[in-house]
Every structure is written in structure tokens, then in C-alpha cells.
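Reading the structure
Below are the chains, spelled out letter by letter.
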Amino acid sequence: MNSTKSTLLIILFALGFQSCGVYSLSGVSIVNEETFEVRFFQNEAAIVEPGIDREFTEQLRDIIQNQSPLVLTNTNADVIYEGEIVEYYIAPQASTSENTAAQNRLTITINVRFYNNTQTDGEYDFERRFSFFSDFTGTAQPVGSVLDSAIDEIYERITQDVFNASLARW
């Protein structure tokens, strides 16, 4: 009798998850969406660091492909991401007794427009700025691996925030 109850509970639990096809274990909320498009994010910041626009565009595509069942397309997508890099700057965060920077902070801000073409009322559409920073020592020059690590850290956070805001609608 006890094994019958256990089996029945397992079946009900499995059916409960299947009936909620809107949510996945990763938190993605997909109803009618099947395809996505990420348009090129142009760098419009006052300081232009070569390649960061292409890198952000690719990292956003990658996170959506890796964390959702959506298929990448170039036209007629169900969901569209577009925008621009609006801020890129390095500022000192702490100083030494010799009035030099002990720590610097790279900050990147990206303006994102998200359109969900499966929703006629535009309920999930938004335009929003996403920003994050990375700190590095004042003696390190923001070039090479120091810069690459900082940008990777920033983009990892921003792309996850964009993904959560657009597809993980709790």
C-alpha cells in the first residue's frame, strides 16, 4: 500500500511539472516564443574601446542560446534584443598617500531594448540600462589580460541581468 502511494505521488509530481510548460528549472518563462534575434550593439560611449561592441553582442547571443530553448535567427524573430553601449569609463576608487590611484574601476553601461513579438499588448517589452563594474589595482594598466578579465566579468553580469529581465519573468 505504501509503495502505491509513493508511485501515485511521483506520477502526480511529474504531471504537475509537465502541465506547467511555461517554466523551466533555469527560470526561463517561454510561452509562444521560439526564435530570438540579437542585433549589433553599437558602441556610442565617449571612450571607444575597439571590439567591445562585437564581444557584448556575441556574449548576449551565447547566454540566450545556452540558457533557453530559443533558436537564433536573423529575421522575423519572436523576441528581439537591440541597443547600444552608452558608457565606458575608468575612474579611480582609492588613492595612495602619494596621490596616485590605489584602485581603479572600469564601468560599462548598456542600453537594451527588448521586444516580444508574441505579445500584442507589449507587456514584456522594455528599454532599460544595465550597468556593472570591475575593480583592478591602480598599478595595473587597463590593457591586455587585465582589461579582458574586467570586460569578461562585466559582460557576464550584464548579459545574465538582461537574460533575467527579458526571459525569466517570475
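It should be noted that the structure appears before, not after, this text.
Read on for an overview of the structure.

**Quick notes on the packing of aromatic side chains**
Per the counting criterion, the structure on display carries six aromatic pairs. Ring geometry for Phe41 and Phe56: centres 5.0 Å apart, planes at 75°, overall edge-to-face. Here the residue Phe41 occupies a position in the loop between strand S1 (35-38) and strand S2 (42-43), and Phe56 occupies one in helix H2 (residues 52-67), the gap between them amounting to 15 residues. The buried category is assigned to Phe41, whose relative accessible area is 0%.

**Brief notes about the nonpolar core**
By size, the foremost hydrophobic cluster in this structure holds 34 residues, and its most contacted members are Leu60, Ile64, Tyr81, Leu106, Ile108, Ile110 and Tyr155. Where this core is concerned, the elements lending two or more residues are S1, H2, strand S4 (79-95), strand S5 (101-116), strand S6 (126-137) and helix H3 (144-167). With nine residues, H3 is the largest single contributor of residues to this core. Residues within four places of Tyr155 in sequence aside, it is in contact with Ile52, Glu55, Phe56, Gln59, Ile85, Ile108 and Ile110.

**Some details on the pattern of salt bridges**
Inspection of the entire model under this criterion finds eight salt bridges. Measuring nitrogen to oxygen at the nearest pair gives 3.5 Å for the salt bridge that ties Asp161 to Arg157. One end of the pair is Asp161 and the other is Arg157, both in helix H3 and four residues apart, which spans about a single turn. Exposure remark for Asp161: the relative accessible area of 25% places this residue in the partly exposed category. Each of Glu37, Arg39, Glu82, Glu84, Arg113 and Glu127 takes part in a single network of salt bridges with overlapping partners.

Conventions and cut-offs
Residues numbered from 1 in each chain as written. Predicted model: local features only at pLDDT ≥ 70, side-chain atom pairs only at ≥ 80, totals over all residues. Heavy atoms only, no water. Phe/Tyr/Trp six-rings, centres within 6.5 Å; stacked < 30°, edge-to-face > 60°. Helix = DSSP H or I, 4+ residues; strand = E, 2+ residues; numbered from the N terminus. Buried < 20%, exposed > 50% of the residue type's maximum accessible area, 1.4 Å probe, protein only. Core = buried A, V, L, I, M, F, W, Y, C linked by side-chain atoms within 4.5 Å. Contact = heavy atoms within 4.5 Å. Salt bridge = Lys/Arg side-chain N within 4 Å of Asp/Glu carboxyl O.

These figures come from the coordinates and say nothing about function on their own.
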